[in-house]
Amino acid sequence: MLKIKNLKAAINGKEIIKGISLTVNSGETHSIMGPNGSGKSTLSKVLAGDPSCEILGGSVTFNGVNLFDLEPEERALAGLFLAYQYPVEIPGLSNREFLRMAYNAKLSNEGAEEVDPIDFDEILNEKMQTLGMGEKFRERSVNAGFSGGEKKKNEILQMAILQPALSILDEIDSGLDIDALRVVADGVNKLKNDKNALIVITHYQRLLDYIKPDFVHVLSEGKIVASGTSELAKRLEARGYNDIAVLV
Amino acid sequence: MKSKAEKQNGLNDVIEDSREYKYGFVTDIETETIPKGLSENVVREISKRKEEPDFILNFRLKAYRRFTEMDEPKWANLKIPPIDFSDISYYSAPKTKAKLGSIDDVAPEILETFDKLGIPLMEQKRLSNVAVDAVFDSVSVATTHKEKLLAAGVIFCSISEAIRDYPELVKKYLGSVVPIGDNFYSALNSAVFSDGTFVYVPPDTHCPMELSTYFRINNSESGQFERTLIICDKNSHVSYLEGCTAPQFDTRQLHAAIVELVALENAEIKYSTVQNWYPGDPETGKGGIHNFVVKRGTCLGDNSKISWTQIETGSAITWKYPSCILKGDNSVGEFYSVALTTGHQQADTGSKMIHIGKNTKSLIISKGISADVSSNTYRGLVRVSPTAKGARNYTQCDSLLLGDKCGAHTFPYIETATGTAQVEHEASTSKISDDQLFYLQQRGISRETAMNAIVNGFCKDVFNHLPMEFSVEAERLLMLKLENSVG
């Protein structure tokens, strides 16, 4: 599904990603771990097409298409989804309106007919219930005044509505208490099947108790320095990132 | 792979300067235009042509004398090129002599013009639930649904007709809210006002339909000085909307109007404006309308309410402060505004709420959006007089910047003379960030739709107060104006 080859990228003129290669197939869950500043979030931004990132080299294909030929919205429509570490607030735009807009963009891209607000409400209500989100979230402005946990739930709600092929979860566990973490992780797990794939970016092993990865990669200074199974995450947790050298 | 520059189409790179103004056409019609220049004789000539009674002529002459003693105000945060008041024609009317108020005699070119503007006047095509008064340059050319309204007791006609047919009402209220000598432009308007709309809603009447006036400036050398007077009697309600467009000319045109509203006991007036005068060339700033307007309403009776909603998208310069004088106890004044400036446009707009009666309440919601090299200023005054015990005001001013060459300014003035008043002011300035755009794009939403959604969200509180028929239109207009502000 996703093939990253020797990717190099910079943000604000500073090289952050220094040669990453990674292949993600359908049905797989990959976890990318690493200390602050190792390039985890930058990698997710590069893949999603954040305009602040500059590609310095390498290639990325997504279902055989050169990802860099696609605008951010085209990547999204192709099935690439980024759950933000810091979701953006948009005052005055209701969550319901926003979600319907995104859903309809997907439908119209697939050549399907767009849904009207009434039909969409049914879809939305069902998804919101599974995430334990109250009705007020429909009318509230996108992420505006949401707590940290509410924002993260809102990201997973979007994921549930758009059903993307590849979801990149950027530190979806940060700022969550244990109950919220469980709800968010449950939401993600329910959406997982053998046709889609997940990249779970996290600082802590804790999240991986809830979302079980097939592969764990350790990122350090813009490079993957170790890859393995969930065992690797456990070892990492025990020894800390200072001891990365031991893992390599 | 695309180059970095192509990929990184941040907002600054994509603010383009070609914006089409689709109302810029000129109607080719013979006009009766009096020679340029302003003098007592010109004022007399206007009055004579309009066959006015003496009380109006005297009103005009008094105003003209005041005007000659006054100077142009300079306090606005605007760069106004010098206006040569002797280089303007103060009266221009289509030559085909239409009988006042008779739609059948209106020249076909004019009907066609309004058709093209989406304001059909002929019986079979007109909007069924909205009555329209169409003003072309200096005269009102047609008023629809007059008979139906009259059956409900509502008078809806041009101010010229009102002067002829309802002189007592005009005498009583004309100049009662905006006195002749209130300011330079009100004196000018009072001296040379050409036409405009008159509305009277009798007691205990809910006006059965939306009323609206559509103003069209066609002549390149004439100014438009219209005068609107709306009186809503006890326990009555009226909702009124004005729209404006003008052709595309290289020269600046002056539009100096006065709108006076009077709400008696328990009455409610809702006044909405969608202003789309020609804004001038977006690249050079050449041409466009100077929109210098005095709009004021008095809540004369207890428990009355006046609500202003304005969507200001046009004009080279907009300078206006729709205001409420809250005299009646428990009266309410509201002001909802979206002012969009693009290209070289300048706007200095806001509201004044003057609390005089007890427990009066006012609300100001102002949204300024600036793009390109435009400048957008909110200026507001909330004054609480010693008599206004328990008065309350809430003001919220938000500015949204698109790009980094435009400007947004806020000048709120608050004067309270009583300890029991509660006055709140909140202000914010934000930029549409690349982050917000990217977030929506990451959900598959196109950049343009994303921009529209963000701007729309910003304006939501105001759009919600427009009459249903017009809120969609206003949204569309705003999107049209911003079309090229996003790549």
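Residues numbered from 1 in each chain as written. Chains lettered and ligands numbered in written order. Predicted model: local features only at pLDDT ≥ 70, side-chain atom pairs only at ≥ 80, totals over all residues. Heavy atoms only, no water.

### As for the overall build of chain B
Of the regular secondary structure elements, chain B holds 12 helices and 24 strands. Here chain B, with 487 residues, has 63% of them falling under the buried criterion. Partitioning the intrachain contacts of chain B with sequence separation of at least 6 by distance along the chain shows that 84% fall at a separation of at least 24. Accessible surface computed for chain B: about 18200 Å², of which carbon and sulfur atoms make up 48%. (Helix = DSSP H or I, 4+ residues; strand = E, 2+ residues; numbered from the N terminus. Buried < 20%, exposed > 50% of the residue type's maximum accessible area, 1.4 Å probe, protein only. Contact = heavy atoms within 4.5 Å. Areas by Shrake-Rupley, 256 points an atom, 1.4 Å probe, with all protein chains shown as cover.)

### Overview of the interface of chain A and chain B
The partner chain B presents 23 residues to the 39 residues of chain A that form the contact. Across the interface of chain A and chain B, roughly 2600 Å² is buried in total on both sides, 60% from carbon and sulfur atoms. The largest contributions to the chain A side of the interface with chain B come from Pro 51, Glu 73 and Tyr 84 of chain A, which together make up 21% of the buried area. For Arg 443 of chain B, the salt bridge identified is with Glu 155 of chain A, shortest N-O distance 2.7 Å. At the junction of chain A and chain B, the tally comes to 10 residue pairs in polar contact (both at pLDDT 80 or more). Counting only elements with at least two residues in the side of chain A that touches chain B, the list comes to β4 (53–62), α2 (72–77), β6 (80–83), β7 (90–94), α3 (95–109) and α6 (148–162) of chain A. Within the side of chain A that touches chain B, the residues separate by chemical class into 24 nonpolar, six polar and nine charged. (Buried area = accessible area lost by both parts, 1.4 Å probe. Salt bridge = Lys/Arg side-chain N within 4 Å of Asp/Glu carboxyl O. Polar contact = N/O pair within 3.5 Å; in protein donor to acceptor, adjacent residues only side chain to side chain. Nonpolar A, V, L, I, M, F, W, Y, C, P; charged D, E, K, R; others polar.)

### Structural notes on a positive patch on the surface
A contiguous patch of positive charge, built from Lys 8, Lys 14, Lys 18 and Lys 223 of chain A, is present on the exposed surface. Note on Lys 223 of chain A: relative accessible area 43%, which makes it partly exposed. (Patch = residues over 30% accessible without salt bridge, like charges linked within 9 Å, V, L, I, M, F, W, Y side chains within 5 Å. Lys, Arg positive; Asp, Glu negative; His and termini not counted. Charge placed at Lys NZ, Arg CZ, Asp CG, Glu CD.)

### Quick look at the packing of aromatic side chains
Tallied over the full model, the rule gives 20 aromatic pairs over all chains. Geometrically, the ring pair formed by Tyr 84 of chain A and Tyr 439 of chain B is edge-to-face, given 4.8 Å between the ring centres and 75° between the ring planes. Of this pair, Tyr 84 of chain A sits in the loop between β6 and β7 while Tyr 439 of chain B sits in helix α10 (residues 434–441), placing the two residues on different chains. As far as burial versus exposure is concerned, Tyr 84 of chain A and Tyr 439 of chain B are alike and both buried. (Phe/Tyr/Trp six-rings, centres within 6.5 Å; stacked < 30°, edge-to-face > 60°.)

### Observations concerning the packing of α6 of chain A against helix α7 (residues 178–191) of chain A
Residue and element names in this part refer to chain A. Running from N to C, α6 and α7 point in directions that differ by 10°, and their axes come no closer than 10 Å. Classed by the angle they form, the pair α6 and α7 counts as roughly parallel. Across from Lys 152, Lys 153, Ile 156, Met 159 and Ala 160 in α6, the residues of α7 making contact are Val 183, Val 184, Gly 187, Val 188 and Leu 191. Here the contact of α6 with α7 is composed, by residue class, of seven nonpolar, one polar and two charged. (Axes fitted to C-alpha atoms, helices over the stretch in contact; angles between N-to-C directions. Parallel < 35°, antiparallel > 145°, perpendicular 65-115°, else oblique.)

### Let's talk about the side chain of Lys 270 of chain B
Residues and elements named next belong to chain B. By the secondary structure assignment, Lys 270 is in strand β12 (residues 268–275). We note that Lys 270 is buried and unpaired, the nearest opposite charge coming from Glu 334 at a distance of 6.5 Å. Residues within four places of Lys 270 in sequence aside, it is in contact with Val 238, Ser 239, Tyr 240, Ser 307, Thr 309 and His 465.

### Quick look at the side chain of Arg 443 of chain B
With respect to the helices and strands, the residue Arg 443 of chain B is situated in the loop between α10 and α11 (447–463). Judged by relative accessible area, Arg 443 of chain B falls into the buried class, the value being 2%. Within the local environment of Arg 443 of chain B, its side chain forms a polar contact with the side chain of Glu 155 of chain A, the two groups lying 2.7 Å apart. In this structure, Arg 443 of chain B is in contact with Ala 76, Phe 81, Leu 82, Ala 83, Tyr 84, Phe 98, Ala 102, Glu 155, Gln 158 and Leu 162 of chain A, ignoring residues within four places of it in sequence.

### Quick word on the sheet that holds β4 of chain A
Each strand in a sheet pairs with another by means of backbone hydrogen bonds, the pair being arranged parallel or else antiparallel. Residues and elements named next belong to chain A. Spatially, four strands are ordered β2-β1-β4-β5 in an open sheet, and the strand pairing comes out antiparallel. The strands lining the two open edges of the sheet, one partner per strand, are β2 (14–24) and β5 (65–66). The pairing of strand β1 (residues 2–11) with β2 spans eight bridges and is classified as antiparallel. Of the residues in β2, the one forming a bridge with Lys 3 is Thr 23. Taken strand by strand, helix α1 (residues 40–48) contacts β1, β2 and β4, and its axis lies near 110° from that of β1. (Pairing = 2+ DSSP bridges.)

### Overview of the pairing of strand β14 (residues 305–312) of chain B
Residues and elements named next belong to chain B. β14 sits mainly inside the fold: seven of its eight residues count as buried. When β12 meets β14, the two strands line up parallel, connected through eight bridges. By the bridge assignment, Tyr 271 is partnered in β14 with Trp 308. Both β14 and strand β17 (residues 332–341) contribute to a ladder of eight bridges, which runs parallel. The partner of Ile 306 across the bridge, within β17, is Gly 333.

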